[in-house]
Amino acid sequence: MKLSWIDISMVLIYLVGMVCLGWYYRLKARESKDSYLMGKKKLPWYMLGLSDASDMFDISGTMWMVSLCFVYGLKSVWIPWLWPVFNQIFLMMFLSKWLRRSNANTGAEWLVTRFGRIGKGIVGSHAVVVAFALISCLGFLAYGFIGLGKFIEIFIPWDIVSPYIPFNIPAPYVAHFYGIIFTLFATFYSVIGGLHSIVMGDVIKYIIMTAACLSIGYIAMTHLHDGVNALNVPLDWANPFFGKDLNMDWSNIIPQVNQKIIDDNFGLFSIFFMMMLFKGVFASLAGPAPNYDMQKILSTRSPKEASKMTGFVSIVLLPVRYTMVTGLTVLGLLYFDKINVADAAGKMDFEKVLPAVVNQFLPVGILGLVFTGLLGAFMGTFSGTLNAAQAYIVNDIYLKYFKKDASTNQIMRMNYLSGVVVVLLGIILGFFAKDVNSILQWIVGALYGGYIASNMFKWYWWRFNANGFFWGMASGIAAALCFPLIFPDTLPLYVWPLLFLISVIGAVVGTYTAPPVEKETLISFYKTVKPWGFWRPVHSMVMEEDPEFVPNKRFKLDMFNVVLGIIVQCCLTLLPMYIILWMKLPLLMVIILIAIISVILKRTWWNKLED
């Protein structure tokens, strides 16, 4: 263990500080349900944006990205399109303001805006979105739990701790034990302090992470450009562009990496990329999933601020995060023979490159800063996800079906109880997860695949109803749960088209086996949310009722802005990579592109923002 007393002190100060933060905000959180779950919708957009970016800067995802960058080089910038990361651009340009105009508190509550309160499928649509939200939240809690345990395991070897533990823990579950210990801290401050403490904790964590990332980037550059060291990587490693095949051979460098590429099924990279793009566009058009991202959008002061918040996320997240990712990758490649990335069974685990490099090559103080920041990264993502799960349990189950007239004290007790139960379930699920990549692939490739069809139709198709939403979601989620058993050795992304087709069939059949949504609900939704899409019959009804109504005719402009936004997002990702590798010409081109597109978006997006 390399942690010095200075590093350990920094970690302890942070942990105690987070507990004190939750305690400090406990009274504000107890003022009301909206204060606890939504910060009374009075928090400024830039703080919510920093919080949202901070939640996305999670330890498990960063470990995964470092392993991708190590193996695939600059081509790894495309692989997070599995989420897809560019859904933030769709949110920024139009979907965030559409969502916020509902003034709802959760995604399930939002359905009332779209489908009303009575009719076939109303109860089912509400139930299925709550089920999806809770399943996805539990999946992300397990994903973060596994990543944290693997990270801590490198810094605190079990042979140092085991003499002080009165029971035996098998080697495969050491990471889980560490995950449980540090999960307790995150649980306390997020459950006690509500959204106020979560957002403030995220802002503090972001400041720490920024300092840590810049330190790592500087250290990596000094090692790489000292005139002695050079990267020993395949020829095409530093090229973000690709052809039909990956064409990256590690045989004469680190042969085990070739097996990693085979296991990932990313060899036919052009097919993999097209599948990501195909899925990503539909997923982005569907809007945010019911997790912490949606909760932050719904917590903003206004639709205009919701757009600003989601636009701010990419700016503050990507350059900082990829400074750390690239810096750690460079150090891992330079000194691979000096780090141990084998798991308990002796197999190469490239997800351990991050903690191994941090533990081996960072000086005292910087190590504590990075360790604290990454620990905070877990706690931030964990607390944001937990808050979203609590919102669905309290708002959409407890208050809707069991205690409609619950007092503030009863609501707070339910918040605390639901938080503890969700954490326990997330930990239990974490024990069944093989590794970070496997659970991530299931969440983004399978579970979210079942979510897309229904949630896309709800924005753009007037005839779509609650019954169609229910059957589209139910068939998609059922398929997502079954497909790992039916296609056990297939990357979830490659069976996504079949999953999407099943969901579409369920949604369309469900829609036409029930009457359309009530006229009053459709008119209210169209006038309030102002979507574009296939709304002609509703548009005609609105114009008869209100000839002065101005419809949304921004489809072409929104799509133009989306394309520009995705290009800038890619440039923001490549920017720190080119700086650390000091690739001067590509760096200059990226800076020029960012500047030109920023000027255009100032006129086509920022100046046209409205509530």
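Look a little higher up for the structure.
Okay, so let's go over this structure. All values derive from a computational prediction rather than experimental measurement. Numbering of residues starts from 1 in every chain and runs along the sequence as written. Given that the model is predicted, a residue must reach a pLDDT of at least 70 before its local features are reported, and side-chain atom pairs must reach 80 or more before they are shown or counted; all residues, however, enter totals for whole chains, interfaces and linings. Hydrogens and water are ignored here; the side-chain numbers use all heavy atoms of the structure.

1. Remarks on the overall build of the protein chain
Here is step 1 of the chain: Helix and strand assignments come from DSSP, with helices taken as H or I runs of at least 4 residues and strands as E runs of at least 2, each series counted from the N terminus. A count of helices and strands for the protein chain gives 24 helices and 0 strands.
Here is step 2 of the chain: Rg of the C-alpha trace for the protein chain: 24 Å, near the compact-globule value of 25 Å for 611 residues, within the 12% margin.
Here is step 3 of the chain: With the C-alpha coordinates aligned to their principal axes, the bounding extent of the protein chain is approximately 75 × 55 × 50 Å.
Here is step 4 of the chain: In short, Shrake-Rupley with a 1.4 Å probe defines the accessible areas, and a residue's cover is counted only from the protein chains shown. Here the protein chain has roughly 23500 Å² of accessible surface; of this, 68% comes from carbon and sulfur atoms.
Here is step 5 of the chain: Separation between the mean location of the 46 positive side-chain charges and that of the 35 negative ones in the protein chain comes to 8 Å. For the radius of gyration, the atom set is restricted to C-alpha positions; the globular benchmark scales as 2.2 Å times the number of residues to the power 0.38. Neither His nor the chain termini are counted; the positive set is Lys and Arg, and the negative set is Asp and Glu. Lys charges are placed at NZ, Arg charges at CZ, Asp charges at CG and Glu charges at CD.

2. Things to note about the pattern of salt bridges
Here is step 1 of the chain: What makes a salt bridge here is a side-chain nitrogen of Lys or Arg within 4 Å of a carboxyl oxygen of Asp or Glu, nothing more. Overall, the coordinates contain 8 salt bridges when judged by the stated rule.
Here is step 2 of the chain: For Lys97, the salt bridge identified is with Glu610, shortest N-O distance 3.1 Å. On the criterion of sequence distance, the pair formed by Lys97 in helix H6 (residues 87-100) and Glu610 in the segment after helix H24 (584-604) is long-range, its members being 513 residues apart.
Here is step 3 of the chain: Overall, Glu610 belongs to the partly exposed group, its relative accessible area being 29%. For the exposure calls, accessible area comes from a 1.4 Å probe over protein chains only, and a residue counts as buried if that area is under 20% of its type's maximum, exposed if over 50%, partly exposed in between.

3. Description of the packing of helix H23 (residues 555-581) against H24
Here is step 1 of the chain: The contact between H23 and H24 brings their axes to 9 Å, and the two run at 150°. As the angle between them shows, H23 and H24 are arranged roughly antiparallel. The chirality of how H23 crosses H24 is left-handed.
Here is step 2 of the chain: The classification used treats Ala, Val, Leu, Ile, Met, Phe, Trp, Tyr, Cys and Pro as nonpolar, Asp, Glu, Lys and Arg as charged, and all other residues, Gly among them, as polar. For the contact of H23 with H24, the per-class residue count stands at 20 nonpolar, 3 polar and no charged. Here an angle of 0 to 180 degrees is reported between the N-to-C directions of two axes, which are lines fitted to C-alpha atoms, with helices fitted over the stretch in contact. Comment on the angle field: the value is read as roughly parallel under 35 degrees, roughly antiparallel over 145, roughly perpendicular from 65 to 115, and oblique elsewhere. Left-handed describes a crossing in which the near helix is turned anticlockwise from the far one by less than a right angle; the clockwise case is right-handed.

4. What about the side chain of Ser307?
Here is step 1 of the chain: Structurally, the position occupied by Ser307 is in helix H14 (residues 303-334).
Here is step 2 of the chain: Whether two residues are in contact is decided by their heavy atoms, any of which lying within 4.5 Å being enough. In this view, Ser307 contacts Met92, Ser96, Lys97, Trp605 and Leu609; residues no more than four positions away in its chain are not counted.

5. Details of the packing of aromatic side chains
Here is step 1 of the chain: Any pair of Phe, Tyr and Trp rings, taking the six-membered ring for Trp, is counted once the centres come within 6.5 Å. Such a pair is stacked with planes under 30 degrees apart, edge-to-face with planes over 60 apart, and tilted for the rest. Throughout the structure, instances matching the rule amount to 44 aromatic pairs.
Here is step 2 of the chain: Taking the centre distance of 5.3 Å and the plane angle of 75° together, the rings of Trp98 and Trp532 count as edge-to-face. With Trp98 in helix H6 and Trp532 in the loop between helix H21 (519-529) and helix H22 (536-545), the pair connects residues that are 434 residues apart, well separated along the chain. Here the two residues Trp98 and Trp532 agree in accessibility, since each one is buried.
Here is step 3 of the chain: Placement of a positive charge over a ring is assigned whenever Lys NZ or Arg CZ falls within 6 Å of the ring centre and within 35 degrees of the normal to the ring plane. In this structure, Arg114 packs its charged tip against the face of Phe525, placed 5.4 Å from the ring centre.

6. Structural notes on the packing of helix H1 (residues 5-24) against helix H16 (residues 366-402)
Here is step 1 of the chain: Running from amino to carboxyl end, H1 crosses H16 at an angle of 30°, the nearest separation of the two axes being 8 Å. The orientation of H1 relative to H16 falls into the category roughly parallel. Every pair of crossing elements has a handedness; the one defined by H1 and H16 is right-handed. Between H1 and H16, the contacting residues are Asp7, Met10, Val11, Tyr14, Leu15 and Met18 on the first element and Leu367, Gly368, Leu369, Phe371, Thr372, Leu375, Gly376 and Met379 on the second.
Here is step 2 of the chain: Per-class residue counts for the contact of H1 with H16 are 10 nonpolar, 3 polar and 1 charged.

7. Remarks on the state of the cysteines
Here is step 1 of the chain: When two cysteine sulfur atoms lie within 2.5 Å, the pair is treated as a disulfide. Considering all chains together, one arrives at 0 disulfides under this definition.
Here is step 2 of the chain: As a non-bridged cysteine, Cys69 has Cys213 as the owner of its nearest cysteine sulfur, 13 Å distant.
Here is step 3 of the chain: Looking at Cys69, the relative accessible area reads 1%, which means it is buried.

8. Focus: a nonpolar patch on the surface
Here is step 1 of the chain: Residues enter patches when their relative accessible area tops 30% and they take part in no salt bridge; the joining distance is 9 Å for like charges and 5 Å for the nonpolar side chains Val, Leu, Ile, Met, Phe, Trp and Tyr. Among the surface-exposed residues, Leu585, Leu588, Met589, Ile592 and Ile596 lie close enough to one another that they form a single nonpolar patch of about 500 Å² accessible area.
Here is step 2 of the chain: With respect to the element layout, Ile596 can be found in helix H24.

9. Observations concerning helix H5 (residues 59-72)
Here is step 1 of the chain: When the terminal C-alpha atoms of H5 are compared, their 20 Å separation across 14 residues agrees well with the 20 Å that a helix rising 1.5 Å per residue should span.
Here is step 2 of the chain: Downstream of H5 by a residue or two, Gly73 has a phi angle that is positive, lying close to 65°. An expected span of 1.5 Å times one less than the residue number is assigned to each helix.

10. Looking at helix H11 (residues 256-264)
Here is step 1 of the chain: When H11 is considered as a whole, its buried residues turn out to be Val257, Asn258, Lys260, Ile261 and Asp264. One face of H11 carries all of its buried residues, which in axial projection span an arc of 155°.
Here is step 2 of the chain: Where H11 terminates, the next one or two residues include Asn265, which has phi positive at roughly 65°. By definition, the arc is the one covered by directions from the helix axis to the C-beta atoms.

11. Brief notes about the side chain of Lys205
Here is step 1 of the chain: Within the secondary structure, Lys205 is located in helix H10 (residues 174-224).
Here is step 2 of the chain: Although Lys205 is buried, it makes no salt bridge; Asp202 carries the closest opposite charge, 4.6 Å away.
Here is step 3 of the chain: Those residues in contact with Lys205 that lie beyond four places of it in its chain are Tyr14, Ser54, Asp55, Phe57, Gly373, Gly376, Ala377 and Gly380.

12. Comments concerning the environment of Ile118
Here is step 1 of the chain: Inspection of the secondary structure assignment puts Ile118 in the loop between helix H7 (107-115) and helix H8 (122-155).
Here is step 2 of the chain: For the pair Ile118 and Val517, spaced 399 residues apart in sequence, the C-alpha separation works out to 9.1 Å.

13. Digging into the environment of Trp5
Here is step 1 of the chain: Along the chain, Trp5 turns up in helix H1.
Here is step 2 of the chain: Looking at Trp5, the relative accessible area reads 67%, which means it is exposed.

14. What about the environment of Gly565?
Here is step 1 of the chain: Among the secondary structure elements, Gly565 is positioned in helix H23.
Here is step 2 of the chain: Take Gly565: its relative accessible area is 6%, and that puts it in the buried class.
Here is step 3 of the chain: As for Gly565 and Phe86, which are separated by 479 residues in sequence, their C-alpha atoms are 8.4 Å apart.
Here is step 4 of the chain: When neighbours within four sequence positions are excluded, Gly565 is seen to be in contact with Ile89, Met93 and Leu601.

15. Focus: unusual backbone geometry
Here is step 1 of the chain: One non-glycine residue with positive phi stands out, namely Lys530, at about 55°.
Here is step 2 of the chain: You can see Lys530 is positioned in the loop between H21 and H22.
Here is step 3 of the chain: Non-glycine residue Trp582 carries a positive phi angle of around 55°.
Here is step 4 of the chain: If you trace the backbone, Trp582 turns up in the loop between H23 and H24.
Here is step 5 of the chain: Residue classification places Trp582 among the partly exposed residues on the basis of a relative accessible area of 44%.

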